[in-house]
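Listed below are the residues making up each chain.
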Amino acid sequence: MSTIPASRVWPPEGLARVPYWIYQDEEIYAREQERIYRGDAWNFLGLEAELPEKGDYKTTFAGEMPVVATRDETGTIRCFENRCAHRGALLCLADRGNAKEIACVYHNWTYDLQGNLTSVAFRRGIQGKGGMPGDADPGSQAPRKFRVEIFCGLMFATLSDKTPPIERYIGPEVAARIRRVMKEPVKILGGYTQVLQSNWKLYFENVKDTYHASLLHLFFSTFRLNRLEQKGGVVVGGEGGSHASFTMMGSTRPATSTSAPACARRAAATRCRRRRCSSRWTRSATASPCRSSPCSRGSCCSRS
Amino acid sequence: MNSLAVRQVLPKGAGRTELVWTCFGYESDDAKMDELRMRQSNLVGPAGYISLEDGAATGFVQRGAAGASERSSFVEMGGRSVESSESRVTETSVRGLWQQYRRHMGL
């Protein structure tokens with residue numbers, strides 16, 4: 001049980017303030033691992049489409065805890081700790097693969113695709129010598145198994161029996177919007193990993209911060225992909241931790257708001273305005289960025 | 001935009017995080033649509049037009065607040081409560097995160 005210093009009290013203003021120690025303290029970090037990642041929250045494991053065949057597995061994490069997600073011989077998605085019952089070594093080393101069973105490289109203890117310990121090398125010794133005592137129970141230290149739920153092809157895992165079912169956890173408002181995107185079977189196109197030199201919660205906040213998008217990312221406003229003047233909104237669901245933000249075509253107010261900060265005005269001024277397109281310029285179906293002057297303003301024009 | 005992606009946020013210590021992006025399309029997409037989705041996935045990832053800047057910004061907060069443990073960020077855009085909003089000039093969803101986080105953490 002992690003202990004947090006008594007001085008760490010949330011500011012009296014409540015949710016309108018976030019104390020900076022929340023991103024810095026090791027004690028907070030340790031409690032998050034216990035109460036969130038290994039506690040009553042769902043961990044997102046990835047897309048079910050990453051494990052299309054029986055025997056497919058991937059290695060990932062529940063917080064800091066390494067885990068294996070598999071599709072077992074019955075076709076069911078399983079998730080268990082990536083830790084051998086014996087000495088705690090990683091069981092699966094590769095990012096992904098296909099296997100009938102999983103063997104620890106250290107002493108060749110083996111596991112099935114549900115994470116059950118199935119054999120211990122030389123358990124009875126050799127010719128009556130060595131081996132484990134008859135009453136040994138090596139399975140008592142077996143990797144922990146997660147409760148797994150699939151929602152719209154998204155795989156989630158939790159160690160807690162108390163975590164509400166995933167759809168209720170997300171909440172109906174946001175679940176409906178996930179359904180809209182995950183409307184049919186998906187295929188994997190590729191991926192990236194990206195290291196952030198910051199606390200994980202700063203990235204969660206960044207994702208949920210609809211205010212920054214067109215201010216930090218001038219790419220968005222320059223290419224008319226996302227401006228705060230566009231219609232849109234944010235839906236907050238579940239206990240508050242679920243959200244969906246959206247933008248729609250068209251503006252709700254004049255594009256050059258006098259209250260916009262200078263950087264936003266600058267971004268707005270450089271974007272391509274359809275009404276300024278002369279007969280020399282036409283709408284492009286492919287919306288490829290135009291590079292040639294005089295139209296250096298954005299994405300919607302190309303030379304006819 | 002025609003780019004679809006999911007991401008995992010993996011903590012790697014109090015001051016370090018790894019993002020795992022997985023880009024996807026629909027099984028019914030043809031090769032041309034696959035190509036389009038992949039081309040537009042340049043918004044995300046470590047060198048993506050958007051994600052690069054997000055990673056920089058969160059790093060700026062971690063560095064900027066290094067000597068200010070006892071101070072707080074100011075999160076009142078769009079009010080002080082947690083609710084859905086028809087405006088995106090709001091931090092309502094950020095406050096929502098902290099509402100659920102504090103319940104989990106007992107803070």
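Bear in mind the structure is a predicted one, so any value in this text is a computation, not a measurement. (Residues numbered from 1 in each chain as written. Chains lettered and ligands numbered in written order. Predicted model: local features only at pLDDT ≥ 70, side-chain atom pairs only at ≥ 80, totals over all residues. Heavy atoms only, no water.)

1. Re the pattern of salt bridges
Operational definition: Here a salt bridge means any side-chain nitrogen of Lys or Arg lying within 4 Å of a carboxyl oxygen belonging to Asp or Glu. Exposure categories follow from relative accessible area, calculated using a 1.4 Å probe and restricted to protein chains: below 20% of the type maximum is buried, above 50% is exposed, and the middle band is partly exposed.
Per the stated rule, a full pass over the model turns up 19 salt bridges over all chains. Between A:R17 and A:E13 there is a salt bridge whose closest N-O contact spans 4.0 Å. Under the relative-accessibility criterion, A:R17 is labelled buried at 15%. Of the residues examined, A:E13 reaches a relative accessible area of 41% and is grouped as partly exposed. Among the salt bridges present, the one from A:R78 reaches A:D72, with a minimum N-O distance of 2.8 Å. By relative accessible area, which is 0% here, A:D72 ends up buried. Among the ionic contacts, a cluster of salt bridges with common partners joins A:E13, A:R17, B:E76 and B:R80.

2. Some thoughts on the interface of chain B and chain A
In plain terms, the rule: What makes two residues a contact is simply this: any of their non-hydrogen atoms within 4.5 Å. As used here, buried area is the combined drop in accessible area, with a 1.4 Å probe, of two parts when they are placed together. For the purposes of these results, a polar contact is taken to be a pair of N or O atoms within 3.5 Å, where, inside protein, one atom must be able to donate a hydrogen and its partner to accept one; residues adjacent in sequence count only when each atom of the pair is a side-chain atom. Secondary structure is summarised from DSSP: a helix means a run of H or I of at least four residues, a strand means a run of E of at least two, and numbering begins at the N terminus for each. Under the scheme applied, nonpolar residues are Ala, Val, Leu, Ile, Met, Phe, Trp, Tyr, Cys and Pro; charged residues are Asp, Glu, Lys and Arg; polar residues are all the others, including Gly. Two strands qualify as a pair provided that DSSP identifies no fewer than 2 bridges between them.
On the side of chain A, 91 residues touch chain B, which itself brings 86 residues to the contact. Together, the buried faces of chain B and chain A total about 8,300 Å²; carbon and sulfur atoms form 59% of this surface. In this structure, the connection of chain B to chain A is made through 4 salt bridges. With a closest N to O distance of 3.0 Å, B:D34 and A:K187 form a salt bridge. The interface formed by chain B and chain A includes 52 residue pairs in polar contact (both at pLDDT 80 or more). Take the side of chain B that touches chain A: its biggest share by element is 14 residues, from helix α3 (residues 92-105) of chain B. In the side of chain B that touches chain A, the residues fall into 36 nonpolar, 29 polar and 21 charged. In this sheet, strand β3 (residues 72-74) of chain B lies alongside strand β1 (residues 17-19) of chain A in antiparallel orientation, the contact comprising 3 bridges. Within the sheet, the bridge partner assigned to A:P19 lies in β3(B) and is B:S72.

3. Re a nonpolar patch on the surface
All names here are of chain A. Operational definition: Each patch is built from residues lacking any salt bridge and having more than 30% relative accessible area; the joining distance is 9 Å for like charges and 5 Å for nonpolar side chains (Val, Leu, Ile, Met, Phe, Trp, Tyr). Calculation of accessible area relied on Shrake-Rupley with a 1.4 Å probe; when residues are assessed, cover is drawn exclusively from the protein chains displayed.
A cluster of nonpolar side chains, L90, L93, V105 and Y106, forms an exposed patch at the surface whose accessible area comes to about 440 Å². Mapping V105 onto the fold places it in the loop between β7 (102-103) and β8 (110-111). When its relative accessible area of 66% is taken as the criterion, V105 is described as exposed.

4. Let's talk about the confidence of the model for chain A
Residues shown with low pLDDT carry predicted positions that ought not to be read at fine detail. Cut-off, in case you're wondering: Confidence per residue, as judged by the predictor, is encoded in pLDDT with a range of 0 to 100.
For chain A, the mean per-residue pLDDT works out to 85, and 82% of the residues sit at or above 70. Across residues 253-304 of chain A, where pLDDT falls below 50, the model places 74 contacts with residues more than four positions away in sequence or in other chains.

5. Observations concerning the packing of helix α1 (residues 26-40) of chain A against α3(B)
Two packed helices can be described by the angle between their axes and the distance between those axes. Heads up, the rule is: Helix axes use the C-alpha atoms of the stretch in contact, all axes being lines fitted to C-alpha atoms, and the angles between their N-to-C directions lie in the range 0 to 180 degrees. Here roughly perpendicular refers to angles of 65 to 115 degrees, roughly parallel to angles under 35, roughly antiparallel to angles over 145, and oblique to all remaining angles.
In contact at an axis separation of 9 Å, α1(A) and α3(B) are set at 95° when each is read in the N-to-C sense. Of the possible angle classes, the one that applies to α1(A) and α3(B) is roughly perpendicular. Residues A:I28, A:R31, A:E32, A:R35, A:I36 and A:D40 of α1(A) touch α3(B), and the partners they reach there are B:Y101, B:H104 and B:M105. Residue composition of the contact of α1(A) with α3(B), by class: 4 nonpolar, 1 polar and 4 charged.

6. Some remarks on the pairing of strand β4 (residues 65-71) of chain A
Residues and elements named next belong to chain A. In terms of burial, β4 is largely enclosed, as 6 of its 7 residues are buried. As paired elements, strand β3 (residues 56-62) and β4 share 6 bridges and run antiparallel to each other. By the bridge assignment for β4, T60 is matched with V67. In this antiparallel pair of consecutive strands, β3 and β4, the connection spans 2 residues, and G63 shows a positive phi of 65°. Pairing between β4 and strand β5 (residues 77-81): 5 bridges, direction antiparallel. For T70, the partnering residue across the bridge sits in β5 and is R78. Count of turn residues in the β4/β5 antiparallel hairpin: 5 residues, of which G75 carries a positive phi of about 95°.

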